[in-house]
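# Structure at a glance
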Amino acid sequence: MTSTVNSRLAKLRFFPRLPIKVIVSIGFFLAVLPLLLGIASAYIAVDKLVGISQQTIYTVAQQVQNSRQIIEKAISLERKCKQFLVLDDSISLQAYKDEREQFHAIINNLHKIEATEEVKKTVRDLDAYEKSVYTSLVLNKPSDKLGKLQAHEEPEQRLLKKATELFPELHTKAREVSQGFSDYVNQEVNTLPIVSKSVQRNLIIQSLTVLPISLILILVFIRMIISPIRQIDHAIRGLGMGNFNVPIKVSGSLDLEYLGERLEWLRTRLNELEEAKQNFMHNVSHAIKSPLATLREGADMLGDEIMGPLNSEQLEIAKMLINTTHKVEDLIDALINYDQTNAQRQDVSMENVEMESVILDLLEEFTIQLRSKQINVNTKLESIKIVSNHAKLRIIIDNLLSNAIKYSPPGGDISITLQQLSGHAVLEVEDNGPGINPDERKKIFEPFFQGHASREGGIYGTGLGLAILSECINSLHGRVEALEPHGSGARMRVQLPID
């Protein structure tokens, strides 16, 4: 899955080929852009809602004011009209006309106010009806002489009677207008919460849309930056584990690709040095072994007195030569083993291994040495299967047991425990020998290091056994450490992953 993502990201050359600071800047801009758009959209929506609210309030105020005035003006208009019909003079006529102008000014305002078509129709009906009343009572007003000839009643009385019949309808239409606007106002006011909820819902939808987009963009750019860094980390770990054969290729920004190229150069150089070291060790070991074998054979011949009898001093010198040649030969073999172990850390084939069986088999092989020193072995082993390399696991356990036997005094005790903890197989081997100084517990895994027990106790060792053990454990992704013993002696702990 990770390799697939990395290969896909490697194809996005328009971003990864840029310097990392440019990628970070672009990523930040693209991640923030949806948030800015969301904020701008929210501002527009809120501003629109505020505008609608203000317009509604303004319309409501106008409607309330004009709808109230239209009823009042209709009453005042009737009064002015009747006053004119009674007085029949120019002053009352002008007063009536002035009242009509105010009435129609209110009508015009009502025409401008936003309302339903039904409400606007009531306004138009009111306007038309008032004009018909004016026409009937004023424009078509008969003269006194003609009126007296046509009817027994006085013209004023007849017109007043007609006005009394016409104006109630005018008042009714004015109230309808007022009621129509009142209903429309209520409808508009009731619409505001709906509009508010709609805006709120849209803002929530925008937030739920914008935030995931920003998060996805952030994750994409984090992946684009982290992926090559992980490749570099993997390459550095490989170099640390001695894996110099796999080429290093980093796909990402220009900066990180350049760093990958420098790591590839370092890998090539280390590989060359490793090959040179291998060749040197191979040549030196063979160059030393040939004359050393001749020297050992000559010393053996002297010690066996094949060339003639030797006195006691000569025999002692011959034995010293024999022991020294054997030690040098052991040291060369240990160097070759250590070098091979160090060179083959990555060449590890894994299989299912039963650790308990390996420990018991090796204890069986050490039976003679244990009996000769009368050492008592206490075991507490759990049955644990791990995925590991059988050969290297034998080397690890063999080194632990041989060291414990070597440093245990005659009649001593060795404790071996094997248990499973946190996905690891934990093996502990403890003896009651001279032990390890606390300041030496981290140094004993270095090549050729000799602790105080070897120096002061006269126990021969090459100083490579624990170094080989440490290399084997590292190749199996495990861990080894020297712990504080429960009593006197040394206590070694090895942790190996089960899977």
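What counts, and where the lines are drawn
- Here the residue index of a chain counts from 1 through its sequence in written order.
- Local features in this predicted model are restricted to residues whose pLDDT is 70 or higher, and side-chain atom pairs enter the listing and the counts only when it is 80 or higher, whereas totals over whole chains, interfaces and linings include all residues.
- Hydrogen atoms and water are omitted, and side-chain values are computed over all heavy atoms in the structure.
- What counts as a helix is a DSSP run of H or I of at least four residues, what counts as a strand is a run of E of at least two, and both are numbered from the N terminus.
- A simple rule labels every residue: compare its accessible area, found with a 1.4 Å probe on the protein chains alone, to the largest value its type can have, and call it buried under 20%, exposed over 50%, or partly exposed in between.
- Here, residues are in contact when the closest pair of their heavy atoms is within 4.5 Å.
- Each accessible area is a Shrake-Rupley result for a 1.4 Å probe, and residues are judged covered by the shown protein chains and nothing else.
- The pairing criterion is simple: DSSP has to find at least two bridges between the two strands.
- Nine residue types can take part in a nonpolar core, namely buried Ala, Val, Leu, Ile, Met, Phe, Trp, Tyr and Cys, and a core is a set of them joined through side-chain atoms within 4.5 Å.
- A side-chain nitrogen of Lys or Arg and a carboxyl oxygen of Asp or Glu constitute a salt bridge if their distance falls within 4 Å.

What follows concerns the overall build of the protein chain. Counting its regular elements, the protein chain contains 13 helices and seven strands. For the protein chain, buried positions account for 36% of its 499 residues. Long-range contacts, defined here as pairs at least 24 residues apart, represent 72% of the contacts in the protein chain between residues at least 6 apart. Carbon and sulfur atoms provide 57% of the accessible area of the protein chain, an area that totals close to 29400 Å².

Here we take up the pairing of strand β4 (residues 413-421). Direction of pairing for strand β2 (residues 376-381) relative to β4: parallel, over a ladder of six bridges. Bridge assignment links V377 to a residue of β4, and that residue is I414. One ladder, built from eight bridges, connects β4 with strand β5 (residues 424-431); its direction is antiparallel. Pairing of L418 across the sheet is with L427, part of β5. Adjacent in sequence and paired antiparallel, β4 and β5 are bridged by two residues, among which S422 carries a positive phi angle near 50 degrees.

Attention shifts here to the nonpolar core. Ranked by size, the top nonpolar core spans 39 residues in total, and within it I416 and L427 carry the most contacts. Counting only elements with at least two residues in this core, the list comes to α9 (355-365), α11 (390-407), β4, β5, α13 (465-475), β6 (479-483) and β7 (491-497). At seven residues, α11 tops the list of elements feeding residues into this core. With near-sequence residues (within four places) excluded, L427 lies in contact with M355, I359, I397, L400, I416, T417, L418, M492, R493 and V494. L77, V123, Y134 and V177 belong to the second-largest nonpolar core, a separate cluster that totals 30 residues.

This part is about the pattern of salt bridges. A full pass over the atoms with the stated rule returns 14 salt bridges. The shortest N-O distance in the salt bridge between R100 and E130 comes to 2.7 Å. Of this pair, R100 sits in helix α3 (residues 90-112) while E130 is found in helix α4 (residues 117-139), placing the two residues 30 residues apart along the sequence. Under the relative-accessibility criterion, E130 is labelled buried at 1%. As a salt-bridge pair, R269 and E272 come within 3.5 Å of each other at their nearest N and O atoms. With a gap of three residues between them, R269 and E272 both fall in helix α7 (residues 254-303), about one helical turn apart.

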